[in-house]
Amino acid sequence: MDKKFLDQLNNKLINPSIEIVCEHIISNKEGQIGQKGAMIVDTGEFTGRSPKDKYFVEEDFSKDNLWWGPVNKKISTGIYEKLYHKAIDYYKNNLDTTYVFEGYAGSDADYKLPIRVIAKKAWQYMFCRNMFINRKNKTTDFNPQFTIINASDVVNEDYIKDDMNSDAFVIFNLQKKIAIIGGTEYGGEMKKGIFSVLHYMLPLKGVLSMHCSANVDKNYNNTALFFGLSGTGKTTLSTDPDRPLIGDDEHGWSDNGIFNFEGGCYAKTIKLDKEEEPDIYNA
């Protein structure tokens, strides 16, 4: 499905350069350049993730390995299929440029996950290019093991009938290795979406997946892990000028050691203090 769907998209850019994407963000009026040169984007109604709109398809392949409840909420195959086809139709009927990120989650070569993210917003592609690990060899065929189709302009008008929280949705089909996003532009849904997928896949391979930051000493030994809920200081505490950073948010612990899931950092800027957090502030 995935390759066939991708081939049907005429106006697409696969892993375009940052320079091209920045030009598109400006020309598409998706964002603007800030005073110090940073790209600024308004994500609309959602300025954070919407956990109550996140669902997993209940199917035989994965249902016995998921801890069902308020975090991992069930959704039927029928509702997923309806919204999946709605997202696909949106892409087929929208002639604007489609941006495709192809890369990896996980820096451990034994456990890295090849991923593809398809988006209509240039800045959403740019977000993925920053957060995930980029492909170095672009001449070989790419076979993603999980795909996110971001149709953030699509909403589910039937959400009450479908017994869903709102018209926004983030739905994972672990059997088909696809997630669909609709109704929310917030980029963190893609980042945390892949994190959720790794939370499912890696423990089945004997690897501990962790929501933590990590750094090492100057000899790249004695790893320190910083656990805590979002916003409690993981990024701040691990950003130490005397200790090289492994990563600031998502890690795995395999027989090979501690490895970062991501290729970038995700520092919150609210109440950012120049004196207390100089490295993050200056970035």
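Everything that follows concerns the structure shown earlier in this document.
Along every chain, residues carry numbers that run from 1 in the direction the sequence is written. The predicted origin of the model limits local features to residues at a pLDDT of at least 70 and limits the giving and counting of side-chain atom pairs to 80 or more, whereas totals for whole chains, interfaces and linings rest on all residues. Only hydrogens and water are set aside; all other atoms, that is, all heavy atoms of the structure, feed into the side-chain values.

Engineer: Explanation requested: the overall build of the protein in the structure shown.
Structural biologist: In terms of helices and strands, the protein carries seven helices and 16 strands. Our radius of gyration is a C-alpha quantity, and the globule rule it is checked against amounts to 2.2 Å times the number of residues to the power 0.38. A compact globule built from 283 residues should have a C-alpha radius of gyration of about 19 Å, and the protein, at 19 Å, falls within 12% of that. With respect to the principal axes defined by its C-alpha atoms, the protein has extents near 50 × 45 × 40 Å. For every residue, the accessible area obtained with a 1.4 Å probe (protein chains only) is divided by the maximum for its type, and the residue is called buried under 20%, exposed over 50%, and partly exposed between those limits. Burial analysis of the protein (283 residues in total) assigns 48% to the buried set. Long-range pairs, those at least 24 residues apart, make up 66% of the contacts in the protein between residues at least 6 apart in sequence. In the form shown here, the protein has an accessible surface area of approximately 15000 Å², with 50% of it arising from carbon and sulfur atoms. When the 34 positive and 40 negative side-chain charges of the protein are each reduced to one mean point, those points stand 3 Å apart. Put simply, DSSP H or I for four residues or longer makes a helix, DSSP E for two residues or longer makes a strand, and each gets a number counted from the N terminus. Contacts are residue-level and defined by heavy atoms, with any inter-residue pair within 4.5 Å sufficient. Surface accessibility in these figures is a Shrake-Rupley result with a 1.4 Å probe; residues are shielded only by whichever protein chains are displayed. Only four residue types enter the tally: Lys and Arg on the positive side, Asp and Glu on the negative side, with His and both chain ends excluded. Positions of charges follow a simple convention, taking NZ of Lys, CZ of Arg, CG of Asp or CD of Glu.

Engineer: Would you take a moment to explain the nonpolar core for this structure?
Structural biologist: Nonpolar side chains in soluble globular proteins tend to end up buried together. With 37 residues, the main nonpolar core has Phe146 and Ile194 as its most contacted residues. Taken together, the elements giving at least two residues each to this core come down to α2 (18-27), β6 (98-105), β7 (113-119), α4 (122-131), β9 (146-151), β10 (169-173), β11 (178-182) and α5 (188-201). Excluding residues within four positions of it along the chain, Ile194 makes contact with Ala105, Ile115, Phe132, Phe146 and Ile148. Only buried residues count toward a nonpolar core. Its members are Ala, Val, Leu, Ile, Met, Phe, Trp, Tyr and Cys residues joined through side-chain atoms within 4.5 Å. Formed by 25 residues, the second largest nonpolar core is a distinct cluster that contains Phe5, Ile79, Val100 and Met164.

Engineer: Looking at this structure, I do not really get the pattern of salt bridges. What am I missing?
Structural biologist: Pairing between side chains becomes possible if they bear opposite charge and their charged atoms approach one another. By definition here, a salt bridge exists when the distance from a side-chain nitrogen of Lys or Arg to a carboxyl oxygen of Asp or Glu is within 4 Å. Counted by the stated rule, this structure contains 14 salt bridges. A salt bridge links Lys82 to Asp162, with the nearest nitrogen and oxygen atoms 2.5 Å apart. Remark: Asp162 occurs in the loop between β9 and β10 and Lys82 occurs in helix α3 (residues 77-93); sequence separation between them is 80 residues. Residue classification places Lys82 among the partly exposed positions, given a relative accessible area of 32%. Note on Asp162: relative accessible area 12%, which makes it buried. Note that Arg135 and Glu102 form a salt bridge whose closest N and O atoms lie 3.0 Å from each other. With Arg135 in the loop between β8 (133-134) and β9 and Glu102 in strand β6, the pair connects residues that are 33 residues apart, well separated along the chain.

Engineer: Would you take a moment to explain the packing of aromatic side chains for this structure?
Structural biologist: The description of two aromatic rings rests on the distance between their centres and on the angle between their planes. Two rings from Phe, Tyr or Trp (for Trp, the six-membered ring) form a pair when their centres sit within 6.5 Å of each other. Planes less than 30 degrees apart are called stacked, planes more than 60 degrees apart edge-to-face, and all others tilted. Counted under the stated rule, the structure contains nine aromatic pairs. Both rings, one in Phe101 and one in Tyr125, keep their centres 6.4 Å apart while their planes meet at 55°; by these two values the pair is tilted. With a gap of 24 residues between them, Phe101 in strand β6 and Tyr125 in helix α4 connect regions that are remote in the sequence. Centroid distance Tyr111 to Phe259: 6.4 Å. Interplanar angle 15°. Geometry classified as stacked. Here Tyr111, found in the loop between β6 and β7, pairs with Phe259, found in strand β16 (residues 257-260); they are 148 residues apart in sequence, far enough to count as distant. Across the pair, exposure class does not vary: Tyr111 and Phe259 are buried alike. Among the aromatic side chains, those forming a connected cluster through ring pairs are Tyr111, Phe195, Phe259 and Phe261. Against the face of Tyr104 rests Lys112, its NZ or CZ located 4.3 Å from the ring centre. Here, a charge over a ring means that NZ of Lys or CZ of Arg falls within 6 Å of the ring centre while also lying within 35 degrees of the ring normal.

Engineer: Mind showing me how you'd approach the packing of α4 against α5 here?
Structural biologist: A pair of packed helices can be characterised by two numbers: the angle between their axes and the separation between those axes. Lines fitted to C-alpha atoms define the axes, with helix axes restricted to the stretch in contact, and inter-axis angles between N-to-C directions lie between 0 and 180 degrees. It is the contact of α4 with α5, at a shortest axis distance of 9 Å, that shows an interaxial angle of 45°. Judged on the interaxial angle alone, α5 and α4 are oblique. Remark: the crossing between α4 and α5 carries right-handed chirality. Residues Gln124, Phe127, Cys128 and Met131 of α4 form the contact with α5, whose own contacting residues are Gly188, Met190 and Lys191. Under the convention adopted here, Pro, Cys and the residues Ala, Val, Leu, Ile, Met, Phe, Trp and Tyr are nonpolar, Asp, Glu, Lys and Arg are charged, and Gly plus all remaining residues are polar. Taken together, the residues that form the contact of α4 with α5 break down as four nonpolar, two polar and one charged. In these notes the angle categories are as follows: under 35 degrees is roughly parallel, over 145 is roughly antiparallel, 65 to 115 is roughly perpendicular, and the rest is oblique. Here a crossing is called left-handed whenever its near helix is offset anticlockwise from the far helix by less than a right angle, and right-handed whenever the offset is clockwise.

Engineer: What is the right way to look at the state of the cysteines in this model?
Structural biologist: Simply put, disulfide is the name for a covalent bond between the sulfur atoms of two cysteines. The criterion for a disulfide is a pair of cysteine sulfur atoms lying within 2.5 Å. Taken as a whole and assessed by the stated rule, the structure comprises zero disulfides. Cys22 carries a free sulfur, and the closest cysteine sulfur to it, the one in Cys128, is 15 Å from it.

Engineer: I tried to follow α3 on my own but got confused; where do I start?
Structural biologist: Helical geometry note: an α-helix holds 3.6 residues per turn, so side chains three or four residues apart project in the same direction. Each residue after the first adds 1.5 Å to the expected span of a helix. Between its first and last C-alpha, α3 extends 24 Å over 17 residues, near the 24 Å set by a 1.5 Å rise per residue. Along α3, the positions that sit buried rather than exposed are Ile79, Tyr80, Leu83, Tyr84, Ala87, Ile88, Tyr90 and Tyr91. Angularly, the buried residues of α3 cover 165° about the axis, an arc narrow enough to put them on a single face. In this description, one arc is meant: the one made by directions from the helix axis to the C-beta atoms.

Engineer: Please explain unusual backbone geometry as it appears in this structure.
Structural biologist: The phi angle of most residues is negative, glycine excepted, and most peptide bonds adopt the trans form. Phi is positive for Asn15, which is not a glycine, with a value near 50°. The topology assignment puts Asn15 in the loop between β1 (12-14) and α2. In this structure, Asn222 is a non-glycine residue whose phi angle is positive, near 50°. Its location among the elements puts Asn222 in the loop between β12 (208-215) and β13 (224-227). Since its relative accessible area comes to 59%, Asn222 is described here as exposed.

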